[in-house]
Each structure stands twice: as structure tokens, then as C-alpha cells.
Amino acid sequence: MTLLTVNDLWVRFPTRQGVFDAVRGISFELGQERLGIVGESGSGKSMTGRSILQLIRKPGVVQAAEISFQGRNLMELSERDMRSVRGNEISMVMQDPKFSLNPVMTIGAQLMEAYLQHNRDSRQNARNKCIEMLEAVSLRDPERVMDAYPHEMSGGMGQRIMIAMMLIPDPKILIADEPTSALDVSVQRQVLSIMDRLVRDRGMGLIFISHDLNLVAEFCDRVLIMYAGRIVESCPASKLREAKHPYTRGLLNALPRLDNPRTHLEVLQRQDDWTHAALEETQ
Amino acid sequence: MTAINVQNLDVWFGSVSAVRSVSFSVAQGQSVGLVGESGSGKSTILRAMTGLAPDWSGTIQILGQNLTGSTRTRGFFKKVQMVFQDPYASLHPRHSVDQVLAEALHLQGMDAINKRTEKLLNDVGLDPRFRFRYPHQLSGGQRQRVAIARALAGEPEVLLLDEPTSALDVSVQAEILNLLTDLRAARGLTYIMVSHDLPVVAHMCDTLAVMQNGSIVEMMTAQALRAHKAVEPYTRELLAAST
Amino acid sequence: MSEQTLKQWLLSDAPTSRMQARVAGLYQGWLRLTSNWMTLTGLIILTALVLVAVCAPLLAPHDPFEQDLLNRLKPIGYDDHYLGTDSLGRDILSRLIYGSRITLYIVALVTLIAPVVGLLVGTVAGYLGGWTDQILMRTTDVFLAFPRLVLALAFVAALGPGIENAVLAISLTAWPPYARMARAETLTIRSSDFIAAIRLQGAGPLRIITRHIWPLCISSLIVRVTLDMAGIILAAAGLGFLGLGAQPPSPEWGAMISEGRRFILDHWWVATIPGLAIFTVSLAFNLLGDGLRDVLDPKDGGHG
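Keep in mind that this is a model prediction, so the values were computed, not measured.

Asks: Help me understand the overall build of chain B, please; the structure alone is not making it clear to me.
Replies: In terms of regular secondary structure, chain B is built from 9 helices and 10 strands. A globule of 243 residues ought to have a C-alpha radius of gyration of about 18 Å, and chain B, at 18 Å, matches this closely. Taking the principal axes of its C-alpha atoms as reference, chain B extends roughly 50 × 40 × 35 Å. Counting only residues that meet the buried cut, chain B has 59% of its 243 residues in that class. Here the analysis covers contacts within chain B between residues at least 6 apart in sequence; of these, 66% occur between residues at least 24 apart. In chain B, 22 positive and 22 negative side-chain charges are present, and the distance between their average locations comes to 5 Å.

See the structure below:
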């Protein structure tokens, strides 16, 4: 079942030197799957995630033939309707939990506020529900976490709380923008496996945006590789190692590997025609 | 010959102890890596060496010189230099590349500054047209090249690398790592590299020390690591998480 | 060089000389400054003020000190007194024009003293820390504890009335906030990597403060001073109004309001017109300050 269809999406920023196209006419579909979007900084991967929720800051402009979510074209919704889509039906987890939580409110208060915004329920039920959510993201001692302030949490705990908060309204799609890059490697895996389990159990669609090829290969079902605002390659994650596009190959080879010592790493030779290349089908 | 010898190093910030009795030594021309997660104290060791972390005890000997407290002589800074993690934060936002390099050369007492600036840019693989640009006109990789050029201004013997590529894209990381490899070969530099990325450290260093909670858990050669000879469970855990 | 290529040269992303880099930076700042019409208005008003002050003898239709007791308190537009005359029959327009010199004089002197002292104290205290910081900042606190006008009054009372003493008094009360601000900024700059990097090149505190910290503090200081300038002009006018600043017959705007106060009900223009002048110049400084903040704030200049 297709949850989200994006057709010919452009994100443009007018500058003094002319219009800068951050995303240049990309199209893709998302089903009940884990879709990875990989690329380097400036490739437009984050802009793609944000533009789905119309979170591009001024003076940026989003243009698309279609961004349809369950038959509704999000491009045609008013700001008010869009607000109910955000959070209720499509949620987003950002890179650094420190900047996403209000530092002067307890975590419990923030979670309950999020819950009560979407559900008519008593405060006691809301509290129980939130504790359940915190248990679902494998936080030990959720009662204590409810009364704690964000600065008392470590990065990994903070990110789990963010995931819990995003999942409270039971969204259909979760967009995760580099959700683990601010975390240590060992914590990364824990957070990812929690996210993975929740997404599977609820039959959600996940858009996982990352710069880390290995992580995406391991964690997603399907991968889009972006370069300079375009999708240069799309393939099943399990076949990422056999990717054909020279850019993807270059990225893979540029990583130092424990099992393959070399004096010099391969350096990516960028070619101009990549920026014009159409999507190569490798599925 | 031993370039760096650290014995029983303890470092603390206020009442918090960040490094606990760490000992290691680095031979001249060798490259040693310190690996660990955030808060393991790996960067703090470099900061204690350079005098940026003033409260420490133990012995630090660099190039035959015994260090004390947080004051370092000019002679020390001529031989020992550091490259920082975030090239966006380690360059003065209002100084052009030219100003940054000329000032470093001036401070290191170099002559023919104009010619040397050109040479430094050339050494780190930056086109001369970048010379008069400001940091915001450069990409992350280009900035890190400028930071490396600045560190090389006084023709040092020891480079301390504090996560020099963790803020960069993988393709840029490869370029910077290659540059560091080449510079070390060409100038016979001694490196201490700090990173959270095990494959990067294994790629760059002959020997590596795995750190956890301020102490060294395990020290071994990169070869031994590749041959899966790591003994400590923490090292194995890190290995499993990074492949 | 044709106009088009000059513009390209100025907007180039790859300057080829030190000079081009500097000029291009200034030009882009200028473009940003003038892209906002409010800022531009402020700038135009202040330029006009400077021109008026410089060309006062050419512009003024009368001698500002010449009394004409037969034509006292004449209304706006009377004869060739476009803005009327005051209680001694002096031409208000001419006094206003000459008064602009005094206003600029005050502005210039205060900007020469207060921000410089504040920057010096704040950055030294912030960078060196420890005892130096304690002593300098407690001194600052002492100055901050007095209300500005009251302290200025005390100074003027001790040193005698007069425009220089008024300026000195205002400056002495104006620097502590700048010192505070400079110190706070220094504290964040001090712990940044680029300061650590230059320390590792062997740079001493003097070089770090003057070459690395000042350039980053100065921009916000300029903004703050520009925004404060309205207050400073008002304080000077206030002292003039109280008879403790500029002395008669000097055409200082505050003193002019004070003189006109007695006739405010029957001859409103005598006090209102210098009041409007103060208002306009203060507003212009505020508008310019807002625009400068957009241009100079390093947080905005950081990314391209």
C-alpha cells in the first residue's frame, strides 16, 4: 500500500546570485517500509524530508506536481490543515534531541501535552499512556523520567523520549532526520532497534535520512541516494554494496574499512554529468 | 626514539575527574590513536598536553621536554601543533585564509611570509585562489585544510589530531585522511589521533588505545585489531558496532 | 571597467587580492544595509544632519545669536523666519541648524569615550578572568548602581555646568553596559576553538584580545551604541533642559526646549520644534541601529 507519493518535488531558495535549487525535481513513493535517503551535506536530503511537512523556512519555496498522502495532496492544504497532518499523521524526529525539547518543562509535562492535544482524555489516563510510551522505547524507570528535565537526560535517552513523543499520536509516517548522528555508536544501535521495532509493529512508513551508508544499508528496506538535489540511484538496501552509480560506489570506497587496509583511501572524483543524470532504475 | 611519553596522567575539571592514570608512549614518526565514545577522556589528554586543560598530574614528556602546569614555551608550540574537530569553529570568522596563515607564520617567527603562505596552501592542496577567501566562503573540507596548513606553519614535529574528520562528509574525510597520511610521510611527523571512529583510527594509526571512562582499556596494534585479537569486551563491543 | 563587471568583481566569491576581499566584504554589507528602507531612511536623516552641521553658516538664514526684541515669539512662517522666533526674537531655524553641531559634537565625544572604555574593560576582564575580572567588574557594578541622570547631575554639579562636562558625565554613566556586554561576548569567544588554536601558535593575551576578540565584539558594540545614541542625545538634552548642559546663549536643542517651556501654551512652536528635531535624530539612530544589527551580527555573517 502506498502511503506517500512525491512527484516532481523542487525546493528553491532565491539568493542575490540567482535561484538556488536545493532539491531538483525528485519523485518517489513510500509504502509501509523503511526508506533510507542518503547523501552528503548539501545533497538536499534534509530539505526533502522537511518539504514533505512544508517545514522549509522562508525565503525557501516548495514546488511539486504532487505530494499526496492517503489520497490528499499536501500541496493544496491550508496551513491549518497542514498543522493537523504534522504530528497527527506524519511525525518528524530531528538530529539533536537537546534542541527539540523545552528545557524548562519536565519531560512528563511535554509528553502529556502532546498526548492531550491529540486525544480527549483525563490527565491520569494521559499520564499512564505516556509512561507506557516511555516503556515502549525501553527507558528504564519511566516514572522518574516523567518528572525529570531534559538536561538530566543523556543524548540517547533524549532521542528515545523524542521518538516516544512523536509516536504518541500514532502517525502513519515517521520522518527521521539523522536521528542518531549526535549519539555514540553503541547508543546508536539501541535507538535504531527501538525505532525499528515500533515502526514494524505499527505498520508505519519510515523515511530515514542519513549520511551514513552502512547504517542505512543495515537498517532500511530501500535506499535512495541523493546528489546535488537529485536522486541518482535507488536500490534495495541489501543490494547497496552492488550499487552501480559511480557516486554511490565512490562513497562506499571512500570509507576506511577494517578488513581492507590501504595506505590511501579512494577519493571521490565528482563528475558534472551526475548533476544532470536521470534516475537509474536498478530495482 | 620516544617522542611522547605519558605516565600516570590524571586530568580533572573542578571536582570531576576526566582522565585516570593513563600511560602510553609514542615513538618518533609513529602514529597512535585514542579511540572511545564521548566522555571517555580522549580529547582531554590532548588538551592537557597543550596546556588547554590546566589541572593535571603525572608526567608528560614531549620531545625530551618535561611539561608542567598549563604554560608552554614558544619552542613547544613550534614543535607541537593541534588540529581541531570542527573546522567551522576553529577558524576565526572574520579572518581570511591569508590572515590566518600569515599570522601563524609571524607568530612562529618565520620569514618570507608571503612565499610561505603560498607554499602552505600548496602543501595542503588548496588552490591559490582560496587565499583571500573568508571561512564562510569555504566548504568544510577546505576549512579543515586551512586548519592543517595553520598547524604546519611552524614546521612542527608532532601533530595532535582531535577528531579531524568527524564533522566532514565521507568523501571529504577520505581526502583529508589521505592528506594527513602524505604529510606524515613527507615530513616524518608524529601523530596522536583522537577519534570515536574505529575504522578511521585503524586506517591512520599503527597503534591504538581504546578508552572508556577516562582510562585506557586496551592497547594494541592496528594489525592485531584487524586480526580480531581484541581481548577486552568493550573493544569487541565497539568493533561490533562499527562494522 | 564597465559597471556590470565592477559589480561582478565586487560580488565575486573568489577574491584574488587582499584589497578585493576587503572591498567586496564592505560592498556586500552596504547592499544588505541599504536593502531595508527603514535603515536607509535612518541613514539619510543622519547624513542630512551631518551635512547641515557642516554647512550651517551657508544654510542658516539668520545669525543664531542675533536678538531682535521687536520680533519676539513670532509664529511659523512669519516674514523670513520659517520656523518662527523665540523669546528673544532669535530665528529658531537658524538656532536649530547651529544646534545640530552641538548634537553631533556630543554624539562624537560620547562614542569616542564610552564604548572604547567599555570594550577595553569588558574584554580584558572576560579574557583574563580571576582577580582582574573581579576588580574590573565590581567597579563596573558600582557605576551601574547609580541612575544615569542622577550620576550625571552629580558630576556636572562637581565639575560645573557646560557641554564638555555634560558629555563626560554621560560617558561615565554609559560605559558600564558596554563593558558588561563585551565581557559576556568575550567569555563565549574565549572558549572557542579558534582562540585555542591561536594560543597554540604562541600568541599572547594582548594579541588575542586586540586582534581576535575585538573584531568580534566591535560589531555588536556598534549596534548597541547606535541604538543607545537616542538615549544619549536625550540625556544631553535633559541636562541642557535642566540648565546643567550647554549654557545660554548656546543653541543646544534641550536648552531650547527649556527656554520655550515657559511659553508652551501660547507659543507652542518654540518648544515643539527643537523637540521634533531631537525626536527625528533619535529615531534615525534607532532605525540605523536596527539595520546595522542585521549587517554586523556575526551569527548572520557566518554562513553564506
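Now that the structure is up, let's keep going.
Asks: Help me understand the packing of aromatic side chains, please; the structure alone is not making it clear to me.
Replies: In this description, a pair of aromatic rings is defined by centroid distance and the angle of the planes. All chains considered together, the criterion is met by 5 aromatic pairs over all chains. Judged by centre distance (4.5 Å) and plane angle (55°), the ring pair of A:Tyr227 and A:Tyr247 falls under tilted. Within this pair, whereas A:Tyr227 is found in strand β9 (residues 222–227), its partner A:Tyr247 is found in helix α9 (residues 246–254), the two being separated by 20 residues in sequence. Residue A:Tyr227 is classed as buried on the basis of its relative accessible area of 11%. Seen in terms of ring centroids, C:Phe143 and C:Trp175 are 5.3 Å apart; in terms of plane orientation they differ by 55°. Their pairing is tilted. Of this pair, C:Phe143 sits in helix α6 (residues 130–144) while C:Trp175 sits in helix α8 (residues 163–190), placing them 32 residues apart in sequence. Judged by its relative accessible area of 22%, C:Phe143 falls in the partly exposed class. Among the residues examined, C:Trp175 registers a relative accessible area of 8% and is labelled buried. Positioned above the aromatic ring of B:Phe130 is the side chain of B:Arg129, whose terminal nitrogen or guanidinium carbon lies 5.1 Å from the ring centre.

Asks: Sorry, what's going on with the interface of chain B and chain A here?
Replies: Interfaces are frequently sized by the accessible area removed from exposure as the parts join. Contacts between chain B and chain A engage 25 residues on the former and 22 residues on the latter. For the pair chain B and chain A, the two sides together bury roughly 2100 Å², of which 58% comes from carbon and sulfur. The three residues of chain B that bury the most area against chain A are B:Asp169, B:Val170 and B:Arg226, which together make up 25% of that side's buried surface. In this structure, the connection of chain B to chain A is made through 0 salt bridges. Joining chain B to chain A, the criterion identifies 8 residue pairs in polar contact (both at pLDDT 80 or more). The set of elements that each furnish at least two residues to the side of chain B that touches chain A consists of α6 (170–187), α7 (198–204), α8 (222–226) and α9 (233–241) of chain B. For the side of chain B that touches chain A, the element with the most residues is α6(B), which contributes 10 residues.

Asks: What should I look at first to understand the confidence of the model for chain C in this one?
Replies: Any region with low pLDDT has predicted coordinates that should not be read closely. Residues and elements named next belong to chain C. Model confidence for chain C is summarised by a mean pLDDT of 85, while 95% of its residues fall at 70 or above. Mean pLDDT per element in chain C: helix α13 (residues 298–301) is the minimum at 46, and helix α9 (residues 193–199) is the maximum at 93. Counted against residues more than four places away or in other chains, residues 298–304, with its pLDDT under 50, gives 9 contacts. As a predicted assembly, this complex carries a pTM of 0.85 together with an ipTM value of 0.90.

Asks: It is not clear to me how helix α7 (residues 148–159) of chain C should be interpreted in this structure. Could you clarify?
Replies: Working note: α-helix, 3.6 residues per turn, so residues spaced by three or four point in the same direction. Residue and element names in this part refer to chain C. Here α7 is 12 residues long and its end C-alpha atoms lie 16 Å apart, about the 16 Å a rise of 1.5 Å per residue gives. Those residues of α7 that fall on the buried side of the exposure criterion are Leu151, Ala152 and Val156. Looking straight down α7, one finds that the buried residues subtend no more than 135° of arc, so they occupy a single side. Within α7, the exposed residues directed more than 90 degrees away from the buried face are Ala157 and Ala158. Against α6, α8 and α10 (205–241) lie the buried residues of α7. Two residues or fewer after α7 comes Gly160, characterised by a positive phi angle close to 95°.

Asks: Sorry, what's going on with the sheet that holds strand β4 (residues 56–62) of chain B here?
Replies: Strand pairing in a sheet takes place through backbone hydrogen bonds and is either antiparallel or parallel in direction. All names here are of chain B. The 4 strands are arranged β2-β1-β4-β5 in an open sheet whose pairing can be described as antiparallel. At either margin of the open sheet sits one strand with a lone partner, and together these are β2 (16–27) and β5 (65–66). Pairing geometry for strand β1 (residues 2–13) and β2, over 8 bridges, is antiparallel. Directly across from Trp12, in β2, lies its bridge partner Ser17.

Asks: Sorry, what's going on with the pattern of salt bridges here?
Replies: All names here are of chain A. Under the counting rule described, the total for this entry stands at 34 salt bridges over all chains. We note a salt bridge from Arg200 to Asp196, for which the minimum N-O separation is 3.5 Å. Within this pair, Arg200 and its partner Asp196 are both found in helix α7 (residues 185–202), separated by 4 residues, close to a single helical turn. Looking at Arg200, the relative accessible area reads 53%, which means it is exposed. A single salt-bridge network, built from bridges that share partners, covers Arg34, Asp196, Arg200 and Asp221.

Asks: Looking at this model, I keep getting lost on the interface of chain B and chain C. Mind explaining?
Replies: Each partner contributes residues to the interface: chain B has 33 residues there, and chain C has 31 residues. Taking both sides of the interface into account, the surface hidden between chain B and chain C amounts to around 2700 Å²; carbon and sulfur atoms contribute 54%. By the criterion of area lost to chain C, the three top residues of chain B are B:His92, B:Arg94 and B:Phe132, representing 22% of everything that side buries. At the junction of chain B with chain C, the criterion picks out 2 salt bridges. Residue B:Glu103 pairs with C:Arg207 through a salt bridge whose shortest N-O separation is 2.6 Å. Joining chain B to chain C, the criterion identifies 11 residue pairs in polar contact (both at pLDDT 80 or more). Contributions of two or more residues to the side of chain B that touches chain C are made by α1 (42–50), α2 (74–79), β6 (80–83), α3 (97–107) and α5 (140–152) of chain B. With 5 residues, α3(B) is the single largest residue contributor to the side of chain B that touches chain C.

Asks: Hey, could you run me through the side chain of C:Ser258 in this one?
Replies: All names here are of chain C. One can find Ser258 in helix α11 (residues 253–260). The class for Ser258 is buried, based on a relative accessible area of 15%. A polar contact is formed between the side chain of Ser258 and the backbone oxygen of Phe241, at a distance of 3.1 Å. When neighbours within four sequence positions are excluded, Ser258 is seen to be in contact with Gly240 and Phe241.

Asks: Where do I start with the nonpolar core in this structure?
Replies: The nonpolar side chains of a soluble globular protein tend to be buried with one another. Judged by nonpolar contacts, the single largest core of 63 residues is most densely connected at C:Ile106 and C:Trp253. Elements represented by at least two residues in this core include exactly α3 (37–54), α5 (92–128), α7, α8, α9, α10, α11 and α12 (268–296) of chain C. No other element matches the 15 residues that α10(C) contributes to this core. Counting 58 residues, the second-largest nonpolar core is a separate cluster that includes A:Leu101, A:Met166, A:Leu192 and A:Cys220.

Conventions we followed
- Residues numbered from 1 in each chain as written.
- Chains lettered and ligands numbered in written order.
- Predicted model: local features only at pLDDT ≥ 70, side-chain atom pairs only at ≥ 80, totals over all residues.
- Heavy atoms only, no water.
- Helix = DSSP H or I, 4+ residues; strand = E, 2+ residues; numbered from the N terminus.
- Rg over C-alpha atoms; globule rule 2.2 N^0.38 Å.
- Buried < 20%, exposed > 50% of the residue type's maximum accessible area, 1.4 Å probe, protein only.
- Contact = heavy atoms within 4.5 Å.
- Lys, Arg positive; Asp, Glu negative; His and termini not counted.
- Charge placed at Lys NZ, Arg CZ, Asp CG, Glu CD.
- Phe/Tyr/Trp six-rings, centres within 6.5 Å; stacked < 30°, edge-to-face > 60°.
- Lys NZ or Arg CZ within 6 Å of the ring centre and 35° of its normal.
- Buried area = accessible area lost by both parts, 1.4 Å probe.
- Salt bridge = Lys/Arg side-chain N within 4 Å of Asp/Glu carboxyl O.
- Polar contact = N/O pair within 3.5 Å; in protein donor to acceptor, adjacent residues only side chain to side chain.
- pLDDT = per-residue confidence, 0-100.
- Expected span 1.5 Å × (residues − 1).
- Arc of directions from axis to C-beta.
- Pairing = 2+ DSSP bridges.
- Core = buried A, V, L, I, M, F, W, Y, C linked by side-chain atoms within 4.5 Å.

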